[in-house]
Each structure stands twice: as C-alpha cells, then as structure tokens.
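# Analysis of the macromolecular model
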Amino acid sequence: MIFSVDTDTKKLDQLQGQSFSDLGLLERQDLQEWVIQEPRILGEELLIIASEYQNFEQTHDRLDVLALDTTGQLVVIELKRDRADDTTDLQAIKYASYCATLTAEDIQRDYRQFWNTRREDDRSPEQVGERFASFLGDSIDADIEITSEGWADFDLDDKPRIILLAGSFGIEITAPVTWLIEEYGMEIACVRIEAYRDDGRILLNSQQVIPVPEAEEYMARRREKQERQQQGERRRAAIHVLLENGVLVPGDIVAFCSGQKPPAEEWQIDPPAEFWQARITGQTGRSNNVEWLHTGEEYSFTGVSKEILHRLVDRPYEKALNGYKYWCHPEFESRTLSDLRNSGESAPERKKL
C-alpha cells in the first residue's frame, strides 16, 4: 500500500491503485519507454541493448526490451501494462532461446544501431566498446580489452535471464515460473508495477514478487557453486572473489576513495562523515553488497557510487562507472577494491573473523 502525507496537517491518506489502462497509459509508448530511460525500475543496474528487438534468424518475432546485466548476462524483458496473460512466460522463454546464440559483438552492434537511431547520433564501435567495458568492469574479474575493431572483448553468458514486468500476475504465470525456478534453476523474475494517482501526478511502485529476495540470494549462491564446478575458467563477479579471498569480510567498513571525490567547490551539499562510508553485508545479489551508512540502504558498489555522486554533484545515474575503483579498504593501506581484486590479494586469516 502507498500512503500520502499532507506536510501541513500531517494527515495520512491511502492512495488507491489504478490500472495503467484506466490511467490512459500505454504499454509501448509509456511503460516500455520508462524501462529504457530508467532500467532501475526493474530493481537493478542494466544496460539497455534495444527495444522491439527482432534481429533473429527465420522469424519476425519481437521481444520488448533486451538488456545486459553487470555480470555479462543477457536479460530478456517482457512487459504487460496490466495483468500478465497466460502466454507471457512462454513468449519470454522463446525469446531467451533465440538470444542464447548471440555473441558479445552481436549485442554491441545491436546497441550501436539502436542508440544511434534513437538519438540520431553516430557512436563509433570504439565508443560502444568502451561503454560496455566500463559497465562490465565493475564485476568481471579482469580488465576488459578492446578488439582491433573497437568492440569490448568479454564472455557473454549463453543462458539469458528473464524479467516479466506486469501490473499483476495470476496463478497461470506464478505456478509455472516458480516450478521452472525450483526444478530447473531457470533465472526468471516477476516484477509487479503499480500505479497511483496523487495530486496531478502518477506514482509508480515496482517490487519483485518472484523469487522473493531471500530465495534469490540462495539461488545465486547455488548457481555460483555450479559455475565453479562446471566453468572453472570463467570470469567471476568481483564481490565473490573479494569475499572468498578474505579481502572483504561481512561488517568491514570501506571508504569512498579521496581521489575519486569531485572538487569540493562543485559539491551541492555538505555531507557528513558517514556519507563516505559503507558496510560490507556479505551478500552477493545484484543490489545488496554494501549498506550505505548515510541512509542504511543496501546497494551494489556501482549503485552506491552513482547515488553518492548524483547527490553530491548531480552526476547522471545512467553515466557508467566501475564501482570497485571508487572504494578503498583501510585494512589494506587504503588500496582500491579494484586493485585488490585484480592483484589477487588474499587474506585467508580474515575469513575467520
């Protein structure tokens, strides 16, 4: 439930949820555009590759939105402005199977075509490659090289994830999705989005309903174990490496690197000491690695770095950065987490703490 509070009278009013259709909102022109403009509405950092994607062989099917997550895994996103119909999950699975054959170069070419057309721009392959390298550099356990043609050279996971975004989900979706997750380990998430009208504005509230966060964390650990056993040479997320090597221990306090702070004369606020500090949670999901001491909220290293810079100097959220280069560890001579990860630093005795 969403409530509105009158700042003068302190009166509390419950807002009534309304369907997107009743509000005159459209699936493609509105909901899809919001996902493209601000993919965090889905609950995580994503790089949008294209919308209405149809670069498949021997079919003219179109998926709503194709994206990449920070671990190098494709994300197939299917949208329904109100209730998800009983074929939404099957559509998404079909699209995921098509996308399983795409290569890292394929999606960079698709990204370039989509954004150059959308912005009437002309980004070169080198610019696109640098964008992908910067986006993925936060989590991949090695620096990403740029090929002679300008593309980022990285391992693209051949098992796309699926996100279903809808106003509501019935048993015809929740039952098969839960079964596919539990029995076959498929990575499918159902995100519910609700709309409320309040004083001339429309408020949106999105929440992942399947799997619940606790189950997602468990499944992430199980997938990590399977990947270690089956693909020992695959590049792995930096948070996993740092925790396993004892460089990070749950409860550690890390500090925003002084060299990454913008000049003080550009600051729009006077931040307190905890503004620059974060506590390691020990979690390895996509948005719960650290607790920002300033607010008590959990983020990824990229997410909290972007939040800090946005509040400090209004840096755009969509501008890429490598979060591990922005945080230093006092226990290791204030070296950056990126340096500690790439150097293979290990402190096994700290894992016992």
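See the structure above.
A brief look at the structure comes next.

Reading guide: rules and limits
- Residues numbered from 1 in each chain as written.
- Predicted model: local features only at pLDDT ≥ 70, side-chain atom pairs only at ≥ 80, totals over all residues.
- Heavy atoms only, no water.
- Helix = DSSP H or I, 4+ residues; strand = E, 2+ residues; numbered from the N terminus.
- Contact = heavy atoms within 4.5 Å.
- Areas by Shrake-Rupley, 256 points an atom, 1.4 Å probe, with all protein chains shown as cover.
- Lys, Arg positive; Asp, Glu negative; His and termini not counted.
- Charge placed at Lys NZ, Arg CZ, Asp CG, Glu CD.
- Buried < 20%, exposed > 50% of the residue type's maximum accessible area, 1.4 Å probe, protein only.
- Pairing = 2+ DSSP bridges.
- Core = buried A, V, L, I, M, F, W, Y, C linked by side-chain atoms within 4.5 Å.
- Axes fitted to C-alpha atoms, helices over the stretch in contact; angles between N-to-C directions.
- Salt bridge = Lys/Arg side-chain N within 4 Å of Asp/Glu carboxyl O.

## Digging into the overall build of the protein
Secondary structure assignment for the protein yields 9 helices and 17 strands. Contacts in the protein between residues at least 24 apart in sequence constitute 58% of all its contacts with a sequence separation of at least 6. Just so you have it, the protein exposes about 18,000 Å², and 44% of that area is on carbon and sulfur atoms. Charged side chains in the protein number 41 positive and 67 negative. The centres of these two groups are separated by 2 Å.

## Brief notes about the environment of Ser-124
Secondary-structure assignment places Ser-124 in the loop between helix 3 (104-119) and helix 4 (125-136). For the pair Ser-124 and Glu-149, spaced 25 residues apart in the sequence, the C-alpha separation amounts to 10.0 Å.

## Description of the pairing of strand 9 (residues 157-168)
Burial runs high along strand 9: 9 of the 12 residues are buried. Sheet analysis places strand 6 (residues 73-83) next to strand 9, joined by 8 bridges and oriented parallel. Bridged to Arg-83 within strand 9 is Ser-168. Relative to strand 10 (residues 188-198), strand 9 runs parallel, the two being bridged by 5 bridges. By the bridge assignment, Leu-165 is partnered in strand 10 with Val-191.

## Comments concerning the nonpolar core
The tendency in soluble globular proteins is for nonpolar side chains to be buried side by side. Formed by 63 residues in total, the largest nonpolar core has its most connected members in Leu-66, Leu-68, Ile-77, Ile-107, Phe-132, Phe-154 and Leu-164. Once you skip the residues sitting within four places of it in the chain, Phe-132 turns out to touch Leu-47, Ile-49, Leu-68, Ile-107, Gln-108, Tyr-111, Ala-152 and Phe-154. Of all hydrophobic cores here, the second largest spans 29 residues; its members include Leu-248, Ile-280, Tyr-299 and Phe-332.

## Digging into the sheet that holds strand 13 (residues 277-280)
Taken together, the 6 strands give an open sheet; going across it, the order is 15-14-13-12-16-17, and neighbouring strands pair in antiparallel fashion. In the strand order of this sheet, the two ends are held by strand 15 (298-299) and strand 17 (335-336), each with one partner. For strand 14 (residues 290-292) and strand 15, the ladder comprises 2 bridges, and the chain directions are antiparallel. Within strand 15, the residue paired with Glu-291 across the bridge is Glu-298. Contacts from helix 8 (residues 301-313) reach strand 12 (253-256), strand 13, strand 14, strand 15 and strand 16 (327-329), with the element oriented near 20° to strand 14.

## A look at the pattern of salt bridges
A complete count under the given rule lists 20 salt bridges for this structure. Arg-40 is paired through a salt bridge with Glu-38; the nearest N and O atoms lie 3.1 Å apart. Classification of Arg-40 by relative accessible area gives partly exposed; the value is 32%. With its nearest N and O atoms 2.8 Å apart, the salt bridge here joins Asp-69 to Arg-161. Separated by 92 residues along the polypeptide, Asp-69 in strand 5 (residues 63-69) and Arg-161 in strand 9 bring together distant segments of the chain. For the pair formed by Asp-69 and Arg-161, the shared burial category is buried. Linked through salt bridges whose partners overlap, the residues forming this network are Arg-28, Glu-52 and Arg-62.

Fair warning: the whole summary comes from geometry, so function is off the table for now.
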